Amino acid sequence: MASTDRDANNTQPLTSAITSNRYGKTDHAPFIVHIHAKIEHITESSYEVMMKRQVSRIISSGLCSIKKIGRGKIAVEMRNFYFANALASNKDLDKHGLFAFIPLHRTVRSGIIRGIPTSITDQDLRSDLRSTSKIIEIKRLNKRITINGKTDFVPSTTVNLKFAGQSLSKHVTLYYDLHAVSPFIFRIKTCFNCYRIGHISKYCKRNPRCRLCGQPPHGEETICERQDLSPKYINCNGDHLSTSSNCPLFIRQKNIQSLAAVENISLNEARKRVLHNSNATGSYDFPTFNAARPAEYRNFPMLPHIVNSNPPSINPNRFSIFNSYNDSYLPYSETLKNSDSNVHYGNKNTQAHLSRQHGIKENRN
């Protein structure tokens, strides 16, 4: 299972969108820059300490802290966005076999809106969609359909929106109608080469395996020994296929992706939280985004439902309060008698006038 967690870290090579990512003036702290080693196989123990030494020598000012986040990976916190952008563009790192970038989740939030007809093109959305946050990318998502045993992908009514900044808009406006924005949660990837979770076969660096027994592929002429047996997952030994979404490893990875999307944290941080909670309680209850609830309440926890056996009667006449009188209310004169002696109502002449008006004897002591 430990190897599967490491496989979840396997990602495709950094794209130009990540390497060119920079902080803006409206972004708030912490200003984090990730630095990775270029070498693939690190043999030296505590290699990250060497990376910290090189970075601390290259950076002259604006450095707050450096911590290890993985094998050959460190996270550097800078004082402000200017120093962070300067570090991400520093050419001296390349001389020491290091490259820096700013994680996308620090500057971009990704959400989805639903119920957008496919007849509305992406170009229409770019020109007609309105939001309080700047929208930097619009992409309609596809859905998988199967017709006559053939699988195909067609456009769906769900649209992915990317917002500049670290805050996700609660809603957007399209043709004077509000559409709720939900956090975009990435689909869990399953490799059909090694049948591990967290990457796809295009970027798999492991040897291929049989999805039934976990051994090397048998070839077309050889039948797997588990062909007629009950399914058995080759990673967790569960009674399900390697592609099943009921696998505990699959569910855990889904929790990690959901937590990272909802709370806008890195996958590494989300993984630590989920694993820590799972080790303590055996499960993890991450914050979910309930689409079944009304749009204006989706981002807030529901209050506990309290059943009142004697609910108050409600009079539909809002002016009925003027027609009712409660005899238990004290008259003003009695209220003055029971008031604190330290409270004065104006000067002595005014207090005497109030006393005479309400039949209260003046205290001349």
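Residues numbered from 1 in each chain as written. Predicted model: local features only at pLDDT ≥ 70, side-chain atom pairs only at ≥ 80, totals over all residues. Heavy atoms only, no water.

### Topic: the packing of aromatic side chains
Then step 1. This structure, assessed with the given rule, holds 5 aromatic pairs.
Then step 2. Between Tyr 23 and Phe 31 the ring centres are 5.2 Å apart and the planes differ by 90°, which places this aromatic pair in the edge-to-face class. Of the two residues, Tyr 23 and Phe 31, both sit in the buried class.
Then step 3. Arranged with centres 6.4 Å apart and planes meeting at 25°, the rings of Phe 99 and Phe 101 form a pair that is stacked.
Then step 4. When its relative accessible area of 27% is taken as the criterion, Phe 99 is described as partly exposed. (Phe/Tyr/Trp six-rings, centres within 6.5 Å; stacked < 30°, edge-to-face > 60°. Buried < 20%, exposed > 50% of the residue type's maximum accessible area, 1.4 Å probe, protein only.)

### Digging into helix 7 (residues 248-263)
Then step 1. With 16 residues, helix 7 should reach 22 Å at 1.5 Å per residue; the first-to-last C-alpha distance of 22 Å fits that figure.
Then step 2. The set of residues buried in helix 7 consists of Leu 249, Phe 250, Arg 252, Gln 253, Asn 255, Ile 256, Gln 257, Ser 258, Leu 259, Ala 260 and Ala 261.
Then step 3. Asn 264 lies just past helix 7 and shows a positive phi near 55°. (Helix = DSSP H or I, 4+ residues; strand = E, 2+ residues; numbered from the N terminus. Expected span 1.5 Å × (residues − 1).)

### Concerning unusual backbone geometry
Then step 1. Of the consecutive residues Ala 29 and Pro 30, the connecting peptide bond is found in the cis state with omega at 5°.
Then step 2. As for its placement among the helices and strands, Pro 30 is situated in the loop between helix 2 (16-19) and strand 1 (31-37).
Then step 3. Positive phi, close to 55°, is recorded for Asn 148, a residue that is not glycine.
Then step 4. Secondary-structure assignment places Asn 148 in the loop between strand 7 (135-147) and strand 8 (150-164).
Then step 5. Its identity as a non-glycine residue notwithstanding, Tyr 175 has a phi of 55°, on the positive side.
Then step 6. Locating Tyr 175 in the fold gives a position in the loop between strand 9 (171-174) and strand 10 (177-180).

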